[in-house]
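Structural characterization, general
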Amino acid sequence: MDIPGRRRAPTPRASAGRPASVSRRPPATPTWTATRGITELGGRTREAIRANPVFTALFLGGLLLRLLATVAYRPVLEFYGDSYSYLLDARTFRPSWIRPFGYPFLLRILSVSPTIGIVPVVQHLAGLATACAIYTLLVHRGVSRNLAAAGAAPLLLDAYQVQIEQMVMAETLFSALLAGAVLALCWSSRPSPRACRAAGLLLVAAALTRTTAVAFAGLGGVYLLVRGVGWRSMRAFTVAFALPALGYVAWFHSIYGVWSVQTVDGSFLWGRVAQFANCQVDDLPAGDAALCSPHPSAIRPGPNFYDWDRGSPSFQRLRAGPVAANKTLRIAARRVILAQPIDYARVVATDTLHYFEPGRHTGRRDWYLGTWVFPTTNPPAILHIDHPLITFRNQWASRRFVPVLDGFLRGYQRFVYTPGPWLALCAAVGVTAAVRRRDDRRRRQECILLVAGGLGLLVVPSATAVFDYRYLLPTLVLLPPAGVLGLTDLLHGNEDPPRGTEVDRRPGRPTRVAPRRPPSR
């Protein structure tokens, strides 16, 4: 019906064979702005805090400790010997004949900074990120949030962990690489080729930071075989680990003429056995008789003397010609082990069990505990932390202490650290969960991987070097998670999978994996 005085709106006309169409403007998409992004990030952060209150409190405590350490000891803490060697290798971009090049490579990257104080800052952030990664993995694997927070707490609050992060030492990088490899191996029920490749790269980086990671890489390969990941994933893992390792060995050979990653394994092994070696029954060559101590084994010094003291016959040989001397010392040490296997096993077992004893204490044959304690303004020279600091550019740097914070941190360290019996309990719970017959084979296999890897990180240095509490710190990435995974399996192993959990029904496969998120609507 037409209304007089009002024009009729035109209607679209249909062409021959085509229906009439009305043009519609598409709805405008919301534009992203910085304010909106910050708002969304803040909302997600608040949700994460509300969902994880216990871990948030522990994280904030760990963050505060690291801020105090950064302010109390500026610009950094250094261990004479190791720290100097790492900085020298980073500056010359040349592998050392004593230590692999993984950590110096990180220092080389950080040397673009005008101050060496960037090193503890990056390491503190890496320590916090490692704890977050372990917590995320445990929650993903079905562990309750409170129990998962307990599994990550040692990385956040252990005073020795905070102290080593403040030093120019390789342990923080080593622990972060191990945590990344565990995350790649254990996140999925069947790790993809990409995840296996990432695990291989992280483990070879860890092995070139500290060679004890080679044993964990072997355990990782066995774990993937048991998981039945397929040949493509195994190939990805093997190639990712082997190619960089072979490349480093070739680089080392081009400099030192030895197909290896270091030339001190024989020297360290001799230092391990020299304290009980009996040259009258060990059948050593006449030229090596001078290596043996004429004193009774009960009063002989420990590996620290034989490895580093200028009066040690083995150290004098190593300084004269490291490659030939290392080979000679390796052969001599193996003959001692074959002739006195019980004595050797007793020394290795004693030092390994020492890590699980209550408190923190060292004997005359162990490395000094005071090296890994927050120092005073004038530490004893024997701890090797009293020397002047050096920078990336081989310049001297002065130490600056804040007495109030320094005293607080030393008092905190007296009481707050990961007890050895607690780590032993974590290992025992993980083993107990692994040997019990339950449907979740995947969790049992993960417990075996973590417990065996953690114990391996302690047995290898006890068998080849010396007892040193810093070797205990990387196990915080493995043993506490093994304990909380095992406890979860023991408490809830017979329960039905929670709603929304993916079930793997293939014969011989685990029956539960991590819950999936509900699809978005």
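Residues numbered from 1 in each chain as written. Predicted model: local features only at pLDDT ≥ 70, side-chain atom pairs only at ≥ 80, totals over all residues. Heavy atoms only, no water.

1. Quick notes on the overall build of the protein chain
To keep things clear, this is the line we draw: Only DSSP runs of H or I covering at least 4 residues are called helices, and only runs of E covering at least 2 are called strands; the numbering of each starts at the N terminus. Each residue gets one of three labels from its accessible area relative to the maximum for its type: buried under 20%, exposed over 50%, partly exposed in between, using a 1.4 Å probe on protein chains only. In what follows, a contact means two residues having at least one pair of non-hydrogen atoms within 4.5 Å. Surface accessibility in these figures is a Shrake-Rupley result with a 1.4 Å probe; residues are shielded only by whichever protein chains are displayed.
Tallying secondary structure elements over the protein chain gives 20 helices and four strands in all. Residues counted as buried form 48% of the 521 residues belonging to the protein chain. Intrachain contacts of the protein chain at a sequence separation of at least 6 include 76% that bridge at least 24 residues. Of the roughly 26400 Å² of accessible surface on the protein chain, 62% is carried by carbon and sulfur atoms.

2. Overview of a nonpolar patch on the surface
Condition: Candidate patch residues must exceed 30% relative accessible area and have no salt bridge, after which like charges are joined if within 9 Å and Val, Leu, Ile, Met, Phe, Trp or Tyr side chains if within 5 Å. For this analysis, a salt bridge means a side-chain nitrogen from Lys or Arg found within 4 Å of a carboxyl oxygen belonging to Asp or Glu.
A surface patch of nonpolar side chains, about 280 Å² in accessible area, is lined by Phe93, Phe105 and Ile109. Of note, Ile109 is situated in helix H4 (residues 102–110). The class for Ile109 is partly exposed, based on a relative accessible area of 45%.

3. Some details on the packing of aromatic side chains
The cut-off we apply is this: Stacked, tilted and edge-to-face pairs are distinguished by plane angle, under 30 degrees for stacked and over 60 for edge-to-face with tilted covering the rest, among Phe, Tyr and Trp rings (Trp via its six-membered ring) whose centres lie within 6.5 Å. Cation placement over rings: the criterion is NZ of Lys or CZ of Arg within 6 Å of the ring centroid and within 35° of the ring normal.
Counted under the stated rule, the structure contains 22 aromatic pairs. Residues Phe93 and Phe101 carry aromatic rings whose centres are separated by 5.1 Å and whose planes lie at 75° to one another, so their mutual orientation is edge-to-face. Overall, Phe93 belongs to the partly exposed group, its relative accessible area being 37%. Ring-pair connections join several aromatic residues into one group, and the members of that group are Phe93, Phe101, Phe105, Tyr248 and Trp251. Over the aromatic face of Phe174 sits the side chain of Arg210, whose NZ or CZ is 4.9 Å from the ring centroid. If you follow Arg360 out to its NZ or CZ, it ends over the ring of Tyr160, 5.2 Å from the centre.

4. A word on helix H16 (residues 341–354)
Note: α-helices contain 3.6 residues per turn, so residues at a spacing of three or four share the same orientation. Our working definition: Given a helix with a known number of residues, its expected span is that number minus one, times 1.5 Å. An arc is given here, and it is the one of the directions from the helix axis to the C-beta atoms.
Relative to the 20 Å expected for 14 residues at 1.5 Å per residue, H16 spans 20 Å between its end C-alpha atoms, a close match to the ideal helical length. Of all the residues in H16, the buried ones are Tyr344, Val347, Val348, Asp351, Thr352 and His354. Each buried residue of H16 lies within a common arc of 160° when the element is viewed along its axis, so the set occupies one face. Those residues of H16 that are exposed and aimed more than 90 degrees away from the buried face are Ile342 and Leu353. In this structure, the buried side of H16 is in contact with helix H12 (265–273), helix H15 (322–339) and helix H19 (441–464).

5. Focus on a positive patch on the surface
Selection rule: Neither His nor the chain termini are counted; the positive set is Lys and Arg, and the negative set is Asp and Glu. In plain terms, the charge of a residue is placed at NZ if it is Lys, CZ if Arg, CG if Asp and CD if Glu.
A cluster of basic side chains, namely Arg194, Arg197, Arg232 and Arg235, defines a positive patch on the protein surface. Counting residues per element, the ones that place at least two in the positive patch are helix H9 (193–207) and helix H11 (231–256). For Arg235, a relative accessible area of 45% corresponds to the partly exposed category.

6. What about the side chain of Asn304?
Which entries qualify depends on this criterion: Here a polar contact is recorded for every N or O atom pair within 3.5 Å, except that within protein the pair must consist of a potential hydrogen donor and a potential acceptor, and residues adjacent in sequence are included only if both atoms are side-chain atoms.
Along the chain, the position of Asn304 falls in helix H13 (residues 303–308). Here the side chain of Asn304 touches Asp366 through a polar contact of 3.0 Å, landing on its backbone oxygen.

7. A closer look at the environment of Trp372
With respect to the element layout, Trp372 can be found in the loop between H16 and strand E2 (389–390). Spatially, the C-alpha atoms of Trp372 and Leu383 are 8.9 Å apart, while their sequence positions differ by eleven residues. Excluding residues within four positions of it along the chain, Trp372 makes contact with Phe79, Tyr160, Gln163, Ile164, Met167, Met169, Trp367, Gln413, Asp468 and Arg470.

8. Examining the packing of H4 against helix H5 (residues 118–140)
Note the cut-off: Interaxial angle, 0 to 180 degrees, is taken between N-to-C directions of lines fitted to C-alpha atoms, where a helix line uses only the stretch in contact. Handedness of a crossing follows from how the near helix is turned relative to the far one, being left-handed for an anticlockwise turn of less than a right angle and right-handed for a clockwise one. In this count, Pro and Cys sit with the nonpolar residues alongside Ala, Val, Leu, Ile, Met, Phe, Trp and Tyr, while Asp, Glu, Lys and Arg are called charged and the others, Gly among them, polar.
H5 packs onto H4 with a crossing angle of 115° between their chain directions and a minimal axis gap of 10 Å. Crossing of H4 against H5: the hand is right-handed. For the pair formed by H4 and H5, the contact residues are Tyr103, Leu107 and Leu110 on the first element and Ile118, Val119, Val122 and Gln123 on the second. Each residue belonging to the contact of H4 with H5 can be placed in one class, and the counts come to six nonpolar, one polar and no charged.

9. Observations regarding the side chain of Glu171
Mapped onto the elements of the fold, Glu171 is located in helix H8 (residues 171–186). Setting aside chain neighbours within four positions, we find Glu171 in contact with Ile164, Arg210, Arg470 and Pro474.

10. Here's the deal with helix H20 (residues 479–492)
Between its first and last C-alpha atoms H20 spans 20 Å; for 14 residues at 1.5 Å apiece the expected length is 20 Å, and the two agree. Of all 14 residues in H20, ten are buried, a share of seventy percent or more. Among all positions of H20, only Leu479, Pro480, Pro481, Ala482, Gly483, Val484, Leu485, Gly486, Thr488 and Asp489 are buried. At its buried positions, H20 is contacted by H5, helix H6 (145–157), helix H18 (420–435) and H19.

11. Let's talk about the environment of Tyr417
Inspection of the secondary structure assignment puts Tyr417 in the loop between helix H17 (403–415) and H18. Distance in space between the C-alpha atoms of Tyr417 and Leu157 is 7.3 Å, their sequence separation being 260 residues. Ignoring any residue separated from it by four or fewer positions in sequence, one finds Tyr417 in contact with Asp158, Ala159, Tyr160, Gly359 and Arg360.

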